[in-house]
Amino acid sequence: MPDRFHILIAEDEVLAAMALEDFLSFKGFRVTVAANGVEALERYATQQIHALVTDLRMPRMDGETLIREIRERDATLPVVVMTGYLTEDSDLKQERWKPLEIFSKPVNPRTICNTLHRMLGITPEA
């Protein structure tokens, strides 16, 4: 069932992006990777995306700006944030950004996968 879902990963760390892409693909998701927020927004505009997984610190457009831009188009798109730089007073922690989950790096790909299953209403495999 995950193969019906297309995940957009916005991550400028190549190895982290590749590891997550490989894991999610292995678990049956369709995955598109973007190296920065601008590229991710371009992919979002041209493809049907069911969830976004994003870093916050990226070149050209940071993750918080990317989330704001996408939220203007789709207020309900599930978003998973992976970051080492979230502050306690971050605007992203407000209820209006839901559905949104935030994880500190490094993040186990299994954690991201399980979170996507929950956010997308997919029953995890046994």
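These lines cover the structure that appears in this document, whether it is placed above or below. Everything quoted here is computed from the prediction, not taken from an experiment.

Criteria and thresholds
Note on numbering: residues in each chain are counted from 1, in written sequence order. Residues qualify for local features only when their pLDDT is at least 70, as the model is predicted, and side-chain atom pairs are given and counted only at 80 or more; totals for whole chains, interfaces and linings, by contrast, use all residues. Only hydrogens and water are set aside when side-chain values are computed; all heavy atoms of the structure are taken into account. The numbering of helices and of strands both runs from the N terminus, where a helix is a DSSP run of H or I of at least 4 residues and a strand a run of E of at least 2. Under the scheme applied here, a residue whose accessible area is under 20% of the maximum for its type counts as buried, over 50% as exposed, and between as partly exposed, the area being computed with a 1.4 Å probe on protein chains only. Contacts are residue-level and defined by heavy atoms, with any inter-residue pair within 4.5 Å sufficient. Strands are labelled as partners when DSSP assigns at least two bridges between them. Axis angles are defined between N-to-C directions and span 0 to 180 degrees, where every axis is a line fitted to C-alpha atoms and, for a helix, only to the segment in contact. We define a polar contact as two N or O atoms separated by no more than 3.5 Å, with the added condition that, inside protein, one atom must be a possible hydrogen donor and the other a possible acceptor, whereas residues neighbouring each other in sequence contribute only through side-chain atom pairs. If the strands point away from the viewer and the path from the first strand over the helix to the second runs clockwise, then the crossover is right-handed. Summarising the geometry, the arc corresponds to the directions from the helix axis toward the C-beta atoms.

Observations regarding the overall build of the protein chain
Argument step 1. Within the protein chain one finds 4 helices and 5 strands.
Argument step 2. For the protein chain, the succession of helices and strands along the chain, N to C, is β-α-β-α-β-α-β-β-α.
Argument step 3. Out of the 126 residues in the protein chain, the part that is buried amounts to 46%.
Argument step 4. Residue pairs at least 24 apart in sequence account for 63% of intrachain contacts in the protein chain once pairs closer than 6 positions are excluded.

Regarding the side chain of Thr-54
Argument step 1. Within the secondary structure, Thr-54 is located in strand β3 (residues 51-55).
Argument step 2. Not counting residues within four places of it along the chain, the set of residues in contact with Thr-54 comprises Ala-10, Gly-63, Leu-66, Ile-67, Val-79, Val-80, Val-81 and Met-82.

Describing the sheet that holds strand β1 (residues 6-10)
Argument step 1. The sheet built from 5 strands is open, its strands ordered β2-β1-β3-β4-β5 with parallel pairing. The open sheet has two edge strands, β2 (30-34) and β5 (100-104), and neither has a second partner. Between one strand axis and the next, the sheet turns by 15 degrees as a mean value, whatever way the strands run.
Argument step 2. One ladder, built from 5 bridges, connects strand β4 (residues 79-83) with β5; its direction is parallel. Bridge pairing in β5 places Val-80 opposite Glu-101.
Argument step 3. Where helix α1 (residues 14-26) meets the sheet, its contacts fall on β1, β2, β3 and β4, and the angle it forms with β2 comes to roughly 170 degrees.
Argument step 4. Across the face of the sheet, helix α4 (residues 109-120) comes into contact with β1, β3, β4 and β5 while running at roughly 170 degrees to β5.

Concerning the side chain of Asp-55
Argument step 1. With respect to the secondary-structure elements, Asp-55 resides in strand β3.
Argument step 2. Separated by 3.0 Å, the side chains of Asp-55 and Lys-105 make a polar contact.
Argument step 3. If sequence neighbours within four positions are ignored, Asp-55 has contacts with Ala-10, Glu-11, Asp-12, Glu-13, Gly-63, Met-82, Thr-83 and Lys-105.

Re the pairing of β2
Argument step 1. In this structure, β1 lies alongside β2, joined through 5 bridges in parallel fashion. By the bridge assignment, Ile-9 is partnered in β2 with Val-33.
Argument step 2. On the question of chirality, the crossover connecting β1 to the parallel β2 by way of α1 is right-handed.

Let's talk about helix α3 (residues 63-73)
Argument step 1. Within the sequence span of α3, burial applies to Gly-63, Leu-66, Ile-67, Ile-70 and Arg-71. The arc that holds the buried residues of α3, viewed along the axis, is 130 degrees, so those residues lie on one side.
Argument step 2. One side-chain oxygen at the N-terminal end of α3 lies 3.3 Å from the backbone nitrogen of Glu-64; it belongs to Asp-62.

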